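Working through the structure, step by step
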Amino acid sequence: MSEQQHRTEHNWKASGFETRAIHAGYEPDPMTGAVIPPIYATSTYKQDGVGGLRGGYEYSRSGNPTRTALEGALAALEEGERGFAFASGLAAEDTVIRSVCRPGGHVVIPDDAYGGTYRLFDKVAKVWGVEHSPAAVSDVDAVRAAIRPGQTSVVWVETPTNPLLNIGEIEALAGDAHEAGALLVVDNTFASPYLQQPLTLGADIVVHSTTKYVGGHSDVVGGAVVVRDLELADAITFHQNALGAVPGPFDAFLTHRGLKTLGVRMDRHCDNAERVVEFLTGHPAVSQVIYPGLQEHPGHAVAARQMKRFGGMVSFRVTGGEAHALAVCENAEVFTLGESLGGVESLIEHPGRMTHASVAGTDLEVPADLIRLSVGIESADDLIADLDRALG
Ligand SMILES: *Cc1c(COP(=O)(O)O)cnc(C)c1O
């Protein structure tokens, strides 16, 4: 890093979330003043004499300035010390697993984990000798009971979970993990750092699919890891480079561009989700609405403590069984039928047949009459009219 960058670098730690989202991780380029990190489409860097690296850059798997800017912003928003960007959420997860799990070890995972996360533990990590036990993240006692002191290296949680939106109490889970000598990993994809910062509640590692809210525009696949502990940061740094599942500079640029508006987008996602929940709650063809913001949601009190708001994901069950659920998904027009979540456009899907098809027949199976919504940032009235039509 040049002298000049050092002198002008501002410490954003004390700044508000939206200020950090826009400024942390990057100082205008000293040479040109470029306000936005350039897309450094380069695989290698000229050395000023052997080993004379400029700013530490040697080869773009190890580091690329476009990615560095994104990684700095991610760390600042999660209130961590170090951020790491990956080619996908699952690449981030795989890198974490290989950094902190060893053959003969054991991991506790959510009993309603994201399907790809479950598959990674059940079909990949297990082959390499890492066992897993599913437990309900909303039940601290069940998670504690699933921990095997001396063998469990990681308690892995999502909160809210996907697609049932169960809530895990991060502070309590961190306490139990640490007591057994394990790390708490939180997949913060559904909440995003705007609504929840797990590291401030005792979690050791945060992972993200930045494909979702962080990127926010359904135009890029990516992942992230953020940690506070510097030894852990060294282990992730080593494995990020050794495994090489890094995003290219174009992907890093897009993700960073999305990240800047995370706060305003999330507030609108939450506003719209609240309107949709209110509509669905009164609808005769809806048997249950699942949203952590509802008083009757079993995780409401915990969510209210650890989240700023309750997010843009809404799940609901219909009275007409699977056929009706499939018809609603197919009849929606403003809500696009598709997997994924967290983009500006509203999405609707049938978890049993789509995102969670891989857990059919296992303990993680989801109800057949369940529909999941990723409520976007369109005009709320249009979203409600669309659901009304699709349900009818
Ligand atoms: C999408 C998702 C992942 C996987 O991320 P990819 O970017 O698709 O690899 C992991 N966890 C959650 C909660 C997700 O929604």
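Calculation notes
Residues numbered from 1 in each chain as written. Predicted model: local features only at pLDDT ≥ 70, side-chain atom pairs only at ≥ 80, totals over all residues. Heavy atoms only, no water. Helix = DSSP H or I, 4+ residues; strand = E, 2+ residues; numbered from the N terminus. Expected span 1.5 Å × (residues − 1). Buried < 20%, exposed > 50% of the residue type's maximum accessible area, 1.4 Å probe, protein only. Polar contact = N/O pair within 3.5 Å; in protein donor to acceptor, adjacent residues only side chain to side chain. 1 Å grid on protein atoms, 1.4 Å probe; cavity = no way out; pocket = protein on both sides within 12 Å on 5 of 7 lines; lining within 4 Å. Points joined across faces, edges and corners; volume = space filled by probe spheres on them. Nonpolar A, V, L, I, M, F, W, Y, C, P; charged D, E, K, R; others polar. Domains from an automatic or database assignment. Patch = residues over 30% accessible without salt bridge, like charges linked within 9 Å, V, L, I, M, F, W, Y side chains within 5 Å. Areas by Shrake-Rupley, 256 points an atom, 1.4 Å probe, with all protein chains shown as cover. Salt bridge = Lys/Arg side-chain N within 4 Å of Asp/Glu carboxyl O. Axes fitted to C-alpha atoms, helices over the stretch in contact; angles between N-to-C directions. Parallel < 35°, antiparallel > 145°, perpendicular 65-115°, else oblique. Left-handed = near helix turned anticlockwise from the far one by under 90°. Contact = heavy atoms within 4.5 Å. Near = heavy atom within 4 Å. Sits in = over half its atoms within 2 Å of the grid points. Buried area = accessible area lost by both parts, 1.4 Å probe. Pairing = 2+ DSSP bridges. Lys, Arg positive; Asp, Glu negative; His and termini not counted.

Here helix H4 (residues 89–100) contains 12 residues, and its C-alpha end-to-end distance of 17 Å stays within 8% of the 16 Å for a straight helix at 1.5 Å per residue. Restricting attention to buried positions, one finds in H4 the residues Gly89, Ala91, Ala92, Glu93, Asp94, Thr95, Val96, Ile97, Ser99 and Val100. Of the residues that open H4, the one with a side-chain oxygen 3.4 Å from the backbone nitrogen of Leu90 is Ser88.

Turning next to the layout of surface pockets. Considered as a void within the structure, the second largest pocket measures approximately 400 Å³ in volume. In terms of lining residues, the second largest pocket is bounded by 26 residues, among which Leu90, Tyr114, Gly116, Ser209 and Lys212 are the most central. Secondary structure elements with two or more residues in the lining of the second largest pocket: H4, helix H5 (115–125) and strand S6 (205–209). Residue composition of the lining of the second largest pocket, by class: seven nonpolar, 12 polar and seven charged. Split by domain, the lining of the second largest pocket shows at least three residues from each of two domains, domain 1 (3–259) and domain 2 (262–391).

A word on a nonpolar patch on the surface. A cluster of nonpolar side chains, contributed by Val124, Val127 and Trp128, occupies part of the molecular surface with about 360 Å² of accessible area. By the element assignment, Val127 lies in the loop between H5 and strand S3 (131–135). For Val127, a relative accessible area of 65% puts it in the exposed group.

Pairs of packed helices are described in terms of their axes, by the angle between the two and the distance that separates them. The contact between H4 and helix H9 (residues 230–243) brings their axes to 9 Å, and the two run at 120°. Put simply, H4 runs oblique to H9. Considering how the two elements wind past one another, H4 and H9 form a crossing that is right-handed. In contact with Thr95, Val96, Arg98, Ser99 and Val100 of H4, H9 contributes Leu232, Ala235, Ile236, His239, Gln240 and Leu243. Here the contact of H4 with H9 is composed, by residue class, of six nonpolar, four polar and one charged.

Below, the discussion takes up the site of the ligand. Near the ligand lie 13 residues; those nearest to it are Gly89, Asp187, Ser209, Thr211 and Lys212. Residue Gly89 places a main-chain N or O atom 2.9 Å away from an oxygen atom belonging to the ligand. Between the ligand and Leu90, the relevant distance is 2.9 Å, taken from an oxygen atom to a main-chain nitrogen or oxygen of the residue. If the ligand stood free it would expose 380 Å²; the protein chains cover 92% of that surface. When atom positions are compared with the pocket grids, the ligand is found to occupy the second largest pocket. Residue contributions to the shell around the ligand peak at three residues, all from H4. Classifying every residue of the shell around the ligand by side-chain character gives four nonpolar, six polar and three charged.

Per the domain assignment, the segments making up the protein chain are domain 1 (3–259) and domain 2 (262–391). Its C-alpha centre places domain 1 at a distance of 26 Å from the equivalent point of domain 2. The interface of domain 1 with domain 2 comprises 38 residues on the first partner and 44 residues on the second. With both chains or domains summed, domain 1 and domain 2 bury close to 3200 Å², and 65% of this area falls on carbon and sulfur atoms. The three residues of domain 1 that bury the most area against domain 2 are Tyr194, Leu195 and Tyr213, which together make up 25% of that side's buried surface. Along the contact surface separating domain 1 from domain 2 lie one salt bridge. The salt bridge involving Glu169 is made with Arg305; its shortest N-O contact spans 3.2 Å. There are 15 residue pairs in polar contact (both at pLDDT 80 or more) connecting domain 1 and domain 2. Elements with a minimum of two residues in the side of domain 1 that touches domain 2: helix H2 (17–23), H5, helix H8 (192–195) and helix H10 (249–259). When residues in the side of domain 1 that touches domain 2 are grouped by element, the largest group, four residues, is from H8. Class assignment for the residues of the side of domain 1 that touches domain 2 results in 20 nonpolar, 13 polar and five charged.

Before going further, it helps to spend a moment on the pairing of S6. Burial runs high along S6: five of the five residues are buried. Side chains Ile205, Val207 and Ser209 of S6 all project onto a buried face; the interleaved residues Val206 and His208 project onto the opposite face, where all are buried too. Taken together, the three bridges between strand S5 (residues 183–187) and S6 define a ladder with parallel strand orientation. Counterpart to Val186 in the pairing with S6 is Val206.

Quick look at the side chain of Glu78 now. Examined against the element boundaries, Glu78 turns out to sit in the loop between helix H3 (65–77) and strand S1 (82–86). One buried charged residue, Glu78, remains without a salt bridge, the closest side chain of opposite sign being Arg20 at 8.4 Å. A polar contact is formed between the side chain of Glu78 and the side chain of His208, at a distance of 2.6 Å. With near-sequence residues (within four places) excluded, Glu78 lies in contact with Asn188, Pro193, Gln196, Gln197, Pro198, Leu199, Val206, His208 and Val226.

Now for the environment of Arg305. Tracing the backbone through its elements, the reader meets Arg305 in helix H12 (residues 300–306). Residue classification places Arg305 among the exposed residues on the basis of a relative accessible area of 58%. With 109 residues separating them in the primary sequence, Arg305 and Gln196 have C-alpha atoms 9.9 Å apart. A distance of 3.2 Å separates a polar atom in the side chain of Arg305 from a polar atom in the side chain of Glu169.

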